[in-house]
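# Examining the three-dimensional arrangement
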Amino acid sequence: ELNSNLKSSIIGCHMVKSLPKFPAKGIKFLKRHDDPKFVEDRRKRLSEYLTFLSRIQLISRNVEFLRFLGITDAPKPKYKILGNGTYVVPPDYKQLASAFDLRQGEYAVTFPLGPLGVVLKSARNNDTTCPTLVSSFKNNKDGTEGAAQRSGKITIGDALSRVNGTNVYTDAQLPHRARIARIKAASRPLELHFIRGSVAANEVRRRQKAAEEAAAAEAAEEDADKEEFEISDLYYQGEDLCLTLDGRVLAFTPVEVKHYSTLWESCGAEDGTLGGGEGFEFFVLSGLSEDNLAEVWRLSSGGRSLAELHKNNFFAALKFVALAQTGKEIVLESLFAPNP
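Computed from a predicted structure; not experimentally measured. (Residues numbered from 1 in each chain as written. Predicted model: local features only at pLDDT ≥ 70, side-chain atom pairs only at ≥ 80, totals over all residues. Heavy atoms only, no water.)

Here we take up the pattern of salt bridges. A side chain of one charge can pair with a side chain of the opposite charge when the charged atoms of the two come close. Taken as a whole, this structure holds 9 salt bridges when the rule is applied. One salt bridge in this structure joins Arg45 and Asp41, with 3.2 Å as the shortest N-O distance. One end of the pair, Arg45, and the other, Asp41, are both in helix H2 (residues 36-54), 4 residues apart, so they sit about a helical turn from each other. Residue classification places Arg45 among the partly exposed positions, given a relative accessible area of 27%. The partly exposed category is assigned to Asp41, whose relative accessible area is 38%. As a salt-bridge pair, Asp127 and Arg124 come within 2.8 Å of each other at their nearest N and O atoms. Judged by its relative accessible area of 21%, Asp127 falls in the partly exposed class. Where salt bridges share partners, they join Arg124, Asp127 and Glu281 into one cluster. (Salt bridge = Lys/Arg side-chain N within 4 Å of Asp/Glu carboxyl O. Helix = DSSP H or I, 4+ residues; strand = E, 2+ residues; numbered from the N terminus. Buried < 20%, exposed > 50% of the residue type's maximum accessible area, 1.4 Å probe, protein only.)

So this is what it looks like as structure tokens:
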């Protein structure tokens, strides 16, 4: 009766699929229900069933469940669900929405005891804005599918969003390591929420773009009193690849062209542009300070800090980085000095 009541009480809620399977008695003809071994086994399975229920946040607050455990003596609620004769508490959908506040593309998977069968990784472990993503699945020791893949819900690229109801998504200001620590410390059954990979990726791109635009706007205010200059597209002058900065021709050696072209292919540029976030991650590997990198970005943008760089700007930036790494000042004049 309790199992039926609980299922009826959360009909329409995504949590109904998380309820554990009720341990059946079996056919009396095949099993003696008064056998001590049968009684003890059933007692144990019922105990595990109730323990599982108590760890599901929504069920642990259900009046029917609390009445069954003797925690409350509230009378049966006067509501009838599905016309099946069962009196239960109808779900308060406004409260549920407030409690879970499911995002677009978000879903839940409940894991019982045992390995999760999933590998979770982040591109940057200490960056709170970088989501924890499903990287791959892991099979059980016997070669069978792990719990995550067996659920049929989780796909590669989905982003972790909640651990037992607690928000751990990028807006919770938690790094990847802290999210994993929460999973390891959580009780079982463990309920994990994920956001579909396409939705999560769009959200990350939206936030990165907003951050880049804000940074560009701030930099533009700082650059307002600095002189701007023109940077041409890359072009060939004879056999030399060149670009023009502030009316002066800057040529690249064949070795530089080959090396810079390889770096352009691997720097994270998409559709011919390198965004501020990816650009910072790439150029920080040069070992320059953030202040120096900001100046490199400004000068390679033509004296104004653009939100993104094109290939010609990128080549100019690499020239400025090379100057700084040899101890020279990051200014236009250094580029055109003898043997820069």
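The discussion continues.
What follows concerns the packing of aromatic side chains. One pass over the full model with this rule turns up 9 aromatic pairs. With centroids separated by 5.5 Å and ring planes inclined at 45°, the aromatic side chains of Phe282 and Phe314 adopt a geometry described as tilted. On the criterion of sequence distance, the pair formed by Phe282 in helix H10 (residues 276-283) and Phe314 in helix H12 (residues 311-325) is long-range, its members being 32 residues apart. The burial state of Phe282 is the same as that of Phe314; both residues are buried. Residues Phe283 and Trp297 carry aromatic rings whose centres are separated by 6.4 Å and whose planes lie at 85° to one another, so their mutual orientation is edge-to-face. Residue Phe283 is found in helix H10, and its partner Trp297 is found in helix H11 (residues 290-300); the two are separated by 14 residues along the sequence. (Phe/Tyr/Trp six-rings, centres within 6.5 Å; stacked < 30°, edge-to-face > 60°.)

Attention now goes to the packing of H10 against H11. What describes two packed helices is the angle between their axes and the distance between those same axes. Running from amino to carboxyl end, H10 crosses H11 at an angle of 125°, the nearest separation of the two axes being 11 Å. Here H11 runs oblique to H10, going by the angle between their axes. Between H10 and H11 lies a crossing of right-handed hand. Of the residues in H11, those touching H10 at Gly276, Gly279, Phe280 and Phe283 are Glu290, Leu293 and Trp297. For the contact of H10 with H11, the residue count by class is 4 nonpolar, 2 polar and 1 charged. (Axes fitted to C-alpha atoms, helices over the stretch in contact; angles between N-to-C directions. Parallel < 35°, antiparallel > 145°, perpendicular 65-115°, else oblique. Left-handed = near helix turned anticlockwise from the far one by under 90°. Contact = heavy atoms within 4.5 Å. Nonpolar A, V, L, I, M, F, W, Y, C, P; charged D, E, K, R; others polar.)

So, about the nonpolar core. Counting 33 residues, the largest nonpolar core has Leu245, Phe283, Phe314 and Phe320 as the members making the most contacts within it. Secondary structure elements with two or more residues in this core: strand E8 (240-245), strand E9 (248-252), helix H9 (254-266), H10, H11, H12 and helix H13 (332-335). In terms of residue count, H12 provides more of this core than any other element does, 9 residues in total. The contact partners of Phe314, leaving out residues within four places of it in the chain, are Tyr260, Leu263, Trp264, Cys267, Leu274, Phe282, Phe283 and Leu309. Ala147, Leu174, Leu192 and Phe194 belong to the second-largest nonpolar core, a separate cluster that totals 19 residues. (Core = buried A, V, L, I, M, F, W, Y, C linked by side-chain atoms within 4.5 Å.)

A few words now on the confidence of the model for the protein chain. Of all residues in the protein chain, 71% have pLDDT values of 70 or greater, and the mean over the chain is 78. The least confident element of the protein chain, judged by mean pLDDT, is helix H5 (residues 93-100) at 45; the most confident is strand E2 (residues 118-121) at 94. Low pLDDT (under 50) marks residues 77-100, which in the prediction has 42 contacts with non-local residues, meaning those over four places away or in another chain. (pLDDT = per-residue confidence, 0-100.)

Taking burial as the measure, the 6 residues of E8 include 5 buried ones, the bulk of the element. For strand E7 (residues 235-237) and E8, the ladder comprises 3 bridges, and the chain directions are antiparallel. Paired with Tyr235 across the bridge in E8 is Cys242. Linking two consecutive strands that pair antiparallel, namely E7 and E8, is a turn of 2 residues; a positive phi of about 70° is found at Gly238 within it. Both E8 and E9 contribute to a ladder of 5 bridges, which runs antiparallel. Opposite Leu243, over in E9, you have Leu250 as the bridge partner. (Pairing = 2+ DSSP bridges.)

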